[in-house]
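Breakdown of the fold
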Amino acid sequence: MAMHALTGFSLVSLLSFGYLSWDWAKPSLVADGPGEAGVEPPSAAPPQPPHIIFILTDDQGYHDVGYHGSDIETPTLDRLAAEGVKLENYYIQPICTPSRSQLLTGRYQIHTGLQHSIIRPRQPNCLPLDQVTLPQKLQEAGYSTHMVGKWHLGFYRKECLPTRRGFDTFLGSLTGNVDYYTYDNCDGPGVCGFDLHEGESVAWGLSGQYSTMLYAQRVGHILASHSPRRPLFLYVAFQAVHTPLQSPREYLYRYRAMGNVARRKYAAMVTCMDEAVRNITWALKRYGFYDNSVIIFSSDNGGQTFSGGSNWPLRGRKGTYWEGGVRGLGFVHSPLLKRKRRTSRALVHITDWYPTLVGLAGGSASAADGLDGYDVWPAISEGRASPRTEILHNIDPLYNHARHGSLEAGFGIWNTAVQAAIRVGEWKLLTGDPGYGDWIPPQTLAAFPGSWWNLERMASARQAVWLFNISADPYEREDLAGQRPDVVRALLARLVDYNRTAIPVRYPAENPRAHPDFNGGAWGPWASDEEDEEEEEEAGRARSFSRGRRKKKCKICKLRSFFRKLNTRLMSQRI
């Protein structure tokens, strides 16, 4: 009876006063550890399997962490990484949706139909419903699963929502870019809506709270109300440090001497996020989860150098297949690691977390399940060799074809105009248009980019094939394509092999019914199951009719095709 009364009091308190204030985990409190103020952590035998906390940051650059020599303060990340295992041969995808889809499915983009761009708010598209997601596998293993933060894997149907894809609870945004305080998101002029959801409902009442703080508070609430005896999976996908560049004033003040305004705001956001991670770590200790936990930290893609981020000294930026776009920040912190306080050079890709975490949970996942990831826990925990020897970064047949690429240049087996990137062993091959290939120093000067923009520009308009020995040349400064045609041909052959297994790209046209005005002013699902099936049937009939006619295209058909391709290219450039 007393327990029910206490539970009721907690719920009433939360509803009356909002979620726990940021003060519950001020840096000063965190520094004192879980034993401050006479608070004793619950005494419980370490449960098995371990609690899994996966923290994903958005657009954090490779250079933007203290242990990589940054001018940004990240004491929590530095300490957690130093006490755990730093992943310094870790790869992600160059933009948001692909990284998140590969994390939750363990599959390359070519095997989910998400090869091209991101899922935009008005597209009738989402993570394929026939894919068994990571949280669903963990639920099968007895885990309680919770997601806090940015989804960005589609929401046009209710079946696409996080709570239908394996998460018991969800608090966060469905789209890819919202205001940190108002949670408004505009997908074009006049197409704006509110995007903060709790479960499958719009969370209007939580507007006004800075998202990084709100999400950390929610994690604390989940831990406070959950028993450490039951395994827990927490997926914390911070919106930070994606644009818009917004930060609480107190974090901006410490970077007041930084001349570049964008870099100053960005640095403040990174430090705020770092303290949020410290609060989460403290809550894990306070509520008895830490001793049997595995904390994984990862960025989702390279930093956006025009918005304060830095990938120095790597080449390229977000949205490119140069190392600055796909080399990730990552580390694992856990009392369960057998070999701690070290740096791992084992090759790891974001798809590897699926089989690795399912294995830690006591489940089974392998290539037989159609996965592209590997179980890399022995490599991380014990320092063994990684089972991974190659990575398909992507093959995107819809991206703008390079003017100077051709099938002939690809030895007759691969059209080098197609955007693709692959790493096999020490070698990395890029074809088509990999994106802007610049080395951009940290934006510490007020006038950046200014004259700095031309510091090391590498414009190769007449090139469509690059080859690098990444182990010896991680900054991609010496192109060896001309010297090693044998290696180029071998890697092109691997692209051909992968392409044979690719499924068609799914990148549908935007649907005007997705406009938030038709959903009470908020972004949310707009298509029913019946409507979705009708659209698929109509599309199938149209394809059959088109095949049967075999007539020349009329002028209006050619115009439609032209504008469809133009729209695809414009969407690619808008990321």
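What you see is a predicted model; the values in this text were computed from it and never measured.

A few words now on the overall build of the chain. Secondary structure summary: the chain contains 14 helices and 18 strands in total. In the chain, buried positions account for 56% of the 575 residues. In the chain, once contacts between residues fewer than 6 apart in sequence are set aside, the share between residues at least 24 apart is 75%. In the structure as shown, the chain presents an accessible area of about 24,100 Å², 54% of it carried by carbon and sulfur atoms.

For helix α3 (residues 75–83), every residue scored as buried is listed here: Thr-76, Leu-77, Leu-80 and Ala-81. Mapping the buried residues of α3 onto a view down its axis gives an arc of 120 degrees, with all of them on the same face. Residues of α3 that are buried in the fold lie against β2 (85–87), α8 (261–286), β11 (293–299) and β12 (330–333).

Here we have 10 strands laid out as an open sheet, ordered β9-β8-β5-β4-β10-β1-β11-β12-β2-β13, and mixed in their pairing. With one partner strand each, in any of the chains shown, β9 (201–202) and β13 (342–344) form the two edges of the open sheet. Strand direction decides the pairing type here: strand β4 (residues 144–150) and strand β10 (residues 232–237), joined by six bridges, are parallel. Bridging across to β10, Met-147 finds its partner in Tyr-235. Contacts from α8 reach β1 (51–57), β10 and β11 within the one sheet, and its direction differs from that of β1 by about 175 degrees.

Strand pairing in a sheet relies on backbone hydrogen bonds. The paired strands run either parallel or antiparallel. Strand order across the open sheet formed by four strands is β15-β16-β17-β18, with antiparallel pairing between neighbours. Two strands close off the open sheet at either side, each with one partner strand: β15 (390–396) and β18 (465–469). Taking each pair of neighbouring strands and ignoring which way they run, the sheet shows an average axis angle of 10 degrees. Of the strand pairs in this sheet, strand β17 (residues 427–431) and β18 are connected by five bridges, and their pairing is antiparallel. In the strand pairing of β18, Trp-427 is matched with Asn-469.

Attention now moves to helix α12 (residues 485–500). For α12, with 16 residues, the first-to-last C-alpha span of 23 Å sits near the 22 Å given by 1.5 Å per residue. Among all positions of α12, only Val-487, Val-488, Leu-491, Leu-492, Leu-495, Val-496 and Tyr-498 are buried.

Time to look at the nonpolar core. With 55 residues, the main nonpolar core has Ile-55, Leu-196, Leu-223, Phe-238 and Met-273 as its most contacted residues. When contributions to this core are tallied by element, the ones reaching two or more residues are β1, α3, α6 (211–224), β10, α8 and β11. Top element by residues in this core is α8. It accounts for 12 residues. Beyond its immediate chain neighbours, meaning those up to four positions away, Phe-238 contacts Ile-55, Leu-56, Thr-57, Asp-58, Thr-212, Tyr-215, Met-273, Ala-276, Val-277 and Ile-280. Within the second largest apolar cluster, 50 residues are counted, among which are Tyr-156, Phe-167, Val-294 and Ala-361.

Once that is clear, we can look at the pairing of strand β5 (residues 169–173). When you tally the buried positions in β5, you get four out of five residues, the bulk of the element. Relative to β5, β4 runs parallel, the two being bridged by five bridges. The residue bridging His-146 from the neighbouring strand is Thr-169, located in β5. Bridging between β5 and strand β8 (residues 197–198) involves two bridges; their strand directions are antiparallel. Among the inter-strand pairings, Gly-172 is bridged to a residue of β8, identified as His-197.

For the rest of this paragraph, the subject is the confidence of the model for the chain. When pLDDT is averaged across the chain, the result is 86; 80% of the residues are at 70 or more. A low-confidence stretch, residues 42–47 stays under pLDDT 50, and its non-local contacts, those more than four residues away or across chains, total nine contacts. The low-confidence segment residues 538–558, where pLDDT is below 50, has one contact with residues more than four positions distant or belonging to other chains.

The interhelical angle for the contact between α6 and α8, taken along N-to-C directions, is 5 degrees, at an axis separation of 9 Å. With respect to their mutual orientation, α6 and α8 come out roughly parallel. The residues of α8 that touch α6, namely those facing Thr-212, Met-213, Ala-216, Val-219, Gly-220 and Leu-223, are Cys-272, Met-273, Ala-276, Ile-280, Ala-283 and Leu-284. Residues of the contact of α6 with α8, tallied by class, amount to 10 nonpolar, two polar and no charged.

This part takes up unusual backbone geometry. Note that the residue after Ala-240, namely Val-241, is joined by a cis bond; omega there is 15 degrees. Within the secondary structure, Val-241 is located in the loop between β10 and α7 (249–253). Of the consecutive residues Trp-312 and Pro-313, the connecting peptide bond is found in the cis state with omega at 5 degrees. Looking at where Pro-313 falls in the secondary structure, it is placed in the loop between β11 and α9 (323–326). Look at Asp-59: it is not a glycine, yet its phi comes out positive at around 70 degrees. Along the chain, the position of Asp-59 falls in the loop between β1 and α3. Positive phi, close to 50 degrees, is recorded for Arg-341, a residue that is not glycine. Its place among the elements puts Arg-341 in the loop between β12 and β13.

About the thresholds
- Residues numbered from 1 in each chain as written.
- Predicted model: local features only at pLDDT ≥ 70, side-chain atom pairs only at ≥ 80, totals over all residues.
- Heavy atoms only, no water.
- Helix = DSSP H or I, 4+ residues; strand = E, 2+ residues; numbered from the N terminus.
- Buried < 20%, exposed > 50% of the residue type's maximum accessible area, 1.4 Å probe, protein only.
- Contact = heavy atoms within 4.5 Å.
- Areas by Shrake-Rupley, 256 points an atom, 1.4 Å probe, with all protein chains shown as cover.
- Arc of directions from axis to C-beta.
- Pairing = 2+ DSSP bridges.
- Axes fitted to C-alpha atoms, helices over the stretch in contact; angles between N-to-C directions.
- Expected span 1.5 Å × (residues − 1).
- Core = buried A, V, L, I, M, F, W, Y, C linked by side-chain atoms within 4.5 Å.
- pLDDT = per-residue confidence, 0-100.
- Parallel < 35°, antiparallel > 145°, perpendicular 65-115°, else oblique.
- Nonpolar A, V, L, I, M, F, W, Y, C, P; charged D, E, K, R; others polar.

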